[in-house]
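One-letter residues, chain by chain:
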Amino acid sequence: GLSDFRHGFLNLPRAADREELLDIGAGTLKDVQASLDDLWRINRFLGGIDALTRHLYPYLLQERGSTTIVDLGAGSAQLALHIVEWAQRNGRALRVYGLDIASRHLNIAAKTLNGAQDVHLIQADALQLPMSENSIDYLISSLFVHHLNPPQVIDLLKLAFKCVRKAIIISDLERGWLPLAAFKMGQSVFARSYLTRHDGAVSIRRAYTQAELYRMAVEAGLTNVCVYRQFPWRITLVAEK
């Protein structure tokens with residue numbers, strides 16, 4: 001059946017030893033800017049934003065007071081800014097903290113924000129979150145957890161869940177031969193930077209499947225967990241307190 005067909009294309013061994021060029025500091029600041037622009041283009045046109053916000057926005061629409069969100073691996077902060085602008089259009093008081101370990105990402109993010117009042121940048125390691133227990137409402141991330149190995153993902157999920165009052169929403173690629181082939185075919189449109197062409201393929205090979213992400217969430221002790229699959233090749237973990 002269709003599920004067997006799809007499973008066959010998802011059956012790509014995880015390449016845990018591959019490294020992304022952005023992670024090891026390759027490229028000039030201009031190269032990094034071009035690659036982060038590619039990632040935003042991919043998120044906008046290939047379902048990445050919707051894979052996360054379709055779960056986040058219903059929560060935010062229920063909020064009446066001021067709400068806080070931490071965005072892990074914020075990169076250029078375009079996602080954080082997009083969410084804040086949505087909140088402003090929908091009459092919601094929102095403050096987003098964009099967290100990234102890379103100073104060059106944060107330099108680009110500061111230019112993206114251009115003085116925007118409701119997004120605040122923090123340089124920190126996601127595995128050592130500088131937030132206390134139950135101190136923020138929601139924690140989100142997009143295209144981040146594939147950078148971590150399974151024990152790190154479990155540690156991150158434990159830590160993130162402890163920090164939030166309400167829910168975590170973690171969205172990423174799903175590993176498989178089919179998404180890898182599709183990425184190779186779409187490079188000329190969506191991966192204009194040499195960094196993206198390299199890192200995109202590595203990201204897919206390092207990513208997790210829906211079942212793997214669910215198992216790690218259970219091992220981390222999360223409650224009310226669902227991992228949703230969204231076309232094309234995105235998975236989103238939602239866990240409520």
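Residues numbered from 1 in each chain as written. Predicted model: local features only at pLDDT ≥ 70, side-chain atom pairs only at ≥ 80, totals over all residues. Heavy atoms only, no water.

Asks: Quick rundown of helix α7 (residues 177-185)? Include the residues and the values.
Replies: Considered for burial, the residues of α7 that qualify are Pro 179, Leu 180 and Phe 183. Looking straight down α7, one finds that the buried residues subtend no more than 105 degrees of arc, so they occupy a single side. (Buried < 20%, exposed > 50% of the residue type's maximum accessible area, 1.4 Å probe, protein only. Helix = DSSP H or I, 4+ residues; strand = E, 2+ residues; numbered from the N terminus. Arc of directions from axis to C-beta.)

Asks: Please give an account of the side chain of Arg 234 that cites residues and values.
Replies: Relative to the helices and strands, Arg 234 is located in strand β7 (residues 234-240). Although buried, Arg 234 forms no salt bridge, and the nearest oppositely charged side chain, Asp 172, lies 6.1 Å from it. Residue contacts for Arg 234: discarding those within four places in its chain leaves Ile 42, Asn 43, Leu 46, Gly 48, Ala 51, Ser 142, Leu 143, Asp 172, Leu 173, Tyr 228 and Arg 229. (Lys, Arg positive; Asp, Glu negative; His and termini not counted. Salt bridge = Lys/Arg side-chain N within 4 Å of Asp/Glu carboxyl O. Contact = heavy atoms within 4.5 Å.)

Asks: Provide a residue-level description of the packing of aromatic side chains, including the pertinent values.
Replies: For the structure on display, the rule yields three aromatic pairs. Taking 5.4 Å as the distance between ring centres and 35 degrees as the angle between the ring planes, the aromatic pair formed by Tyr 59 and Tyr 138 counts as tilted. Taken as a pair, Tyr 59 in helix α3 (residues 48-62) and Tyr 138 in strand β4 (residues 136-142) lie far apart in primary sequence, 79 residues in all. Given a relative accessible area of 15%, Tyr 59 falls into the buried group. A cation over an aromatic ring shows up here: Lys 241 above the ring of Phe 161, its NZ or CZ 5.6 Å from the ring centre. (Phe/Tyr/Trp six-rings, centres within 6.5 Å; stacked < 30°, edge-to-face > 60°. Lys NZ or Arg CZ within 6 Å of the ring centre and 35° of its normal.)

Asks: If you had to explain the confidence of the model for the chain to someone new, which residues and values would you point to?
Replies: For the chain, the average pLDDT comes to 89, and 94% of its residues sit at 70 or higher. Counting interchain partners and residues more than four positions distant, the pLDDT-below-50 stretch residues 1-8 has four contacts. (pLDDT = per-residue confidence, 0-100.)

Asks: Describe the nonpolar core, listing the residues and the values that go with them.
Replies: Counting 33 residues, the largest nonpolar core has Leu 72, Leu 139, Val 153, Leu 157, Ile 168, Leu 222 and Leu 237 as its most contacted members. Broken down by element, this core gets its largest block of residues, seven residues, from helix α6 (residues 150-163). Membership of the second largest hydrophobic core comes to 26 residues, among which are Leu 60, Ala 77, Val 96 and Tyr 138. (Core = buried A, V, L, I, M, F, W, Y, C linked by side-chain atoms within 4.5 Å.)

Asks: Can you explain the environment of Gly 75? Please cite residues and give values.
Replies: Its location among the elements puts Gly 75 in the loop between β1 (67-72) and α4 (78-89). For Gly 75 and Leu 29, which are 46 residues apart along the polypeptide, the C-alpha to C-alpha distance reads 13 Å. When sequence neighbours within four positions are dropped, the list of residues in contact with Gly 75 reads Leu 36, Asp 100, His 105 and Ala 109.

Asks: Explain the pattern of salt bridges to me, using residue names and the numbers behind them.
Replies: Evaluation of the coordinates by the stated rule reveals seven salt bridges. Across the salt bridge formed by Lys 166 and Glu 63, the nearest N and O atoms sit 2.8 Å from each other. With Lys 166 in strand β5 (residues 164-173) and Glu 63 in the loop between α3 and β1, this pair connects stretches of sequence that are 103 residues apart. Overall, the relative accessible area of 31% leaves Lys 166 in the partly exposed class. Close ionic contact of Lys 166 with Asp 137 constitutes a salt bridge, the shortest N to O distance being 3.8 Å. Of this pair, Lys 166 sits in strand β5 while Asp 137 sits in strand β4, and the two are 29 residues apart along the sequence.

Asks: Give me the lowdown on the sheet that holds strand β2 (residues 94-100), citing residues and values where you can.
Replies: Taken in spatial order, the seven strands of this open sheet run β3-β2-β1-β4-β5-β7-β6, and their pairing is mixed. Both edges of this open sheet fall to β3 (119-123) and β6 (225-230), since each of them pairs with a single strand only. With strand direction ignored, the average angle separating the axes of adjacent strands in the sheet is 20 degrees. Bridge analysis of β6 against β7 gives six bridges, and the strand direction is antiparallel. If you follow Arg 229 over to β7, its bridge partner there is Ile 235. The strands that helix α5 (residues 103-113) touches are β2 and β3; relative to β3, the one it contacts most, it runs at about 170 degrees. Sitting on the sheet, α6 touches β1, β4, β5 and β7, and the angle it makes with β5 is about 145 degrees. (Pairing = 2+ DSSP bridges. Axes fitted to C-alpha atoms, helices over the stretch in contact; angles between N-to-C directions.)

Asks: How would you sum up unusual backbone geometry? Please name residues and give values.
Replies: Among all residues save glycine, negative phi is the norm, and among peptide bonds the norm is trans. In this structure, the amide linkage connecting Phe 231 to the following residue, Pro 232, adopts the cis form with an omega of -10 degrees. By the element assignment, Pro 232 lies in the loop between β6 and β7. Despite not being glycine, Asn 134 has its phi angle at roughly 55 degrees, a positive value. Mapping Asn 134 onto the fold places it in the loop between β3 and β4. One non-glycine residue with positive phi stands out, namely Trp 233, at about 65 degrees. Tracing the backbone through its elements, the reader meets Trp 233 in the loop between β6 and β7.

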